[in-house]
Amino acid sequence: MIAPKIMVVEDEEPLGVLLRYNLEAEGYQVEIITRGDEAELRLQESVPDLLVLDWMVPAVSGIELCRRLRMRAETERLPIIMLTARGEESDRVRGLSTGADDYLVKPFSTPEFMARVRALLRRAKPEVLSSVLKVGDIVLDRESHRVYRKKNEIRLGPTEFRLLEFLMQHPGRVYTRGQLLDNVWGDTNYIDERTVDVHVGRLRKAVNTGRQIDVIRTIRGSGYAIRED
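I will try to describe carefully the structure that is included in this document.

## Brief notes about the overall build of the protein
- Helix and strand content of the protein: eight helices and 11 strands.
- Compactness check: the protein gives a C-alpha radius of gyration of 19 Å against a globular reference of 17 Å for 229 residues, within 12% of the reference.
- Contacts in the protein between residues at least 24 apart in sequence constitute 57% of all its contacts with a sequence separation of at least 6.
- For the protein, the accessible surface area stands at approximately 12000 Å², while carbon and sulfur atoms represent 47% of it.
- The positive charge centre, built from 36 side chains, and the negative charge centre, built from 37, are 8 Å apart in the protein.

## With respect to the environment of Q44
- On the secondary structure map, Q44 appears in helix α2 (residues 36-45).
- On the basis of relative accessibility, which here comes to 47%, the residue Q44 falls in the partly exposed class.
- Q44 sits 10 residues away from T34 along the chain, and the two C-alpha atoms are 16 Å apart.

## Some thoughts on the pairing of strand β10 (residues 216-219)
- As judged from the four bridges shared by β10 and strand β11 (residues 223-226), these two strands associate in the antiparallel manner. Bridging across to β11, I219 finds its partner in G223.
- Between β10 and β11, which pair antiparallel in sequence order, lie three residues; one of them, G221, sits at a positive phi of approximately 80°.

## Some points on the side chain of E160
- For E160, the location among the structural elements is in helix α6 (residues 158-169).
- No salt bridge is formed by the buried E160, whose closest oppositely charged neighbour, R202, lies at an N-O distance of 4.1 Å.
- A polar contact of 2.4 Å, which involves the side chain of E160, links it to the side chain of H199.
- If we skip the residues at most four places from it in the chain, E160 touches H199, R202 and L203.

## Observations regarding the packing of aromatic side chains
- Within the structure shown, the criterion is met by three aromatic pairs.
- Plain terms: the ring middles of W55 and Y103 are 6.5 Å apart, the flat faces sit at 85° to each other, and that makes the pair edge-to-face. One end of the pair, W55, is in the loop between β3 (50-54) and α3 (62-70); the other, Y103, is in strand β5 (residues 102-105), with 48 residues separating them in the sequence. When sorted by exposure, W55 lands in the same class as Y103, which is buried.

## Describing the nonpolar core
- One finds L164, M168 and L180 to be the most contacted residues of the largest nonpolar core, which totals 25 residues.
- Among the elements of the structure, β6 (132-135), β7 (138-141), α6, α7 (177-185), α8 (194-207) and β11 are those that each provide at least two residues to this core.
- Among the elements that make up this core, the one with the highest residue count is α6 (six residues).

## Focus on the sheet that holds β7
- Taken together, four strands build an open sheet; the order of strands is β6-β7-β8-β9 and the sheet is antiparallel. Each end of this open sheet is capped by a strand with a single partner; those strands are β6 and β9 (152-154). Averaged over all neighbouring strand pairs, the angle between strand axes comes to 25°, with direction disregarded.
- Bridging between strand β8 (residues 146-149) and β9 involves three bridges; their strand directions are antiparallel. Along β9, the bridge assignment pairs Y148 with E153.
- In the packing of α6 onto the sheet, the strands contacted are β6, β7 and β8, and the crossing angle to β7 comes to about 115°.

## Notes on the sheet that holds strand β1 (residues 5-9)
- Spatially, the five strands line up as an open sheet ordered β2-β1-β3-β4-β5, and their pairing is parallel. Each edge of the open sheet carries a strand with a single partner, namely β2 (29-33) and β5. Sheet twist, expressed as the average angle between the axes of neighbouring strands with direction ignored, equals 15°.
- Each of β1, β3, β4 (80-84) and β5 is contacted by helix α5 (residues 110-124), which is oriented at about 175° to β5, the strand it contacts most.

## Some details on the side chain of K106
- Examined against the element boundaries, K106 turns out to sit in the loop between β5 and α5.
- For K106, the contacting residues outside a window of four places in its chain are E10, E12, L15, D54, L83, T84 and A85.

## Considering α6
- Taking 1.5 Å of rise per residue, the 12 residues of α6 would be expected to cover 16 Å, and the 17 Å separating its terminal C-alpha atoms lies within 8% of that figure.
- Extensive coverage of α6 is indicated by the burial of 10 of its 12 residues.

Conventions used here
Residues numbered from 1 in each chain as written. Predicted model: local features only at pLDDT ≥ 70, side-chain atom pairs only at ≥ 80, totals over all residues. Heavy atoms only, no water. Helix = DSSP H or I, 4+ residues; strand = E, 2+ residues; numbered from the N terminus. Rg over C-alpha atoms; globule rule 2.2 N^0.38 Å. Contact = heavy atoms within 4.5 Å. Areas by Shrake-Rupley, 256 points an atom, 1.4 Å probe, with all protein chains shown as cover. Lys, Arg positive; Asp, Glu negative; His and termini not counted. Charge placed at Lys NZ, Arg CZ, Asp CG, Glu CD. Buried < 20%, exposed > 50% of the residue type's maximum accessible area, 1.4 Å probe, protein only. Pairing = 2+ DSSP bridges. Salt bridge = Lys/Arg side-chain N within 4 Å of Asp/Glu carboxyl O. Polar contact = N/O pair within 3.5 Å; in protein donor to acceptor, adjacent residues only side chain to side chain. Phe/Tyr/Trp six-rings, centres within 6.5 Å; stacked < 30°, edge-to-face > 60°. Core = buried A, V, L, I, M, F, W, Y, C linked by side-chain atoms within 4.5 Å. Axes fitted to C-alpha atoms, helices over the stretch in contact; angles between N-to-C directions. Expected span 1.5 Å × (residues − 1).

Written out as structure tokens, the structure is:
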């Protein structure tokens, strides 16, 4: 299973270390960023499954970043938990009105934080926690590592399995080769983007047999997507 990605925007180093430790212990992929402007740039490159956002971070405040994210189509539905030392009712109302899905006042308990992360992911992005994904006539079982199309099992290598799994989490969405490298391969320092084309070709050959519709869309100059239907 591809672990859900969580970005934490927090400039208090001890708290960032604590959150990373607990999130990674539960199996999440974690990225820590300490400045609002850097987080905004990173979110233009890659959108995580959940954002943990401190209200008071340097350069661009968390509340302003939240507002901007809700104005972009790519991040308008991104699950956001706001962290802040501001506990007044008016501040909570402002944070939620700006677009945060949940709100935690510092200091908070780690078990409560983890419970809220799980609850928000379950509610907003159930596909990242589900053990079985289904898009059209393709079924992917994360636990058994098996893939079926119209009840016929498809044999995939580990990379093709991860690639299909990621695309099935976001049906219809187009991903560039760089984004696929980042999300499927992870460490992309020594991997050429043409590698994506090779593995997409293998995946396409495996899942499309006979006269079946090609479920992998190639968008010239953009990237790849899996058909929603």
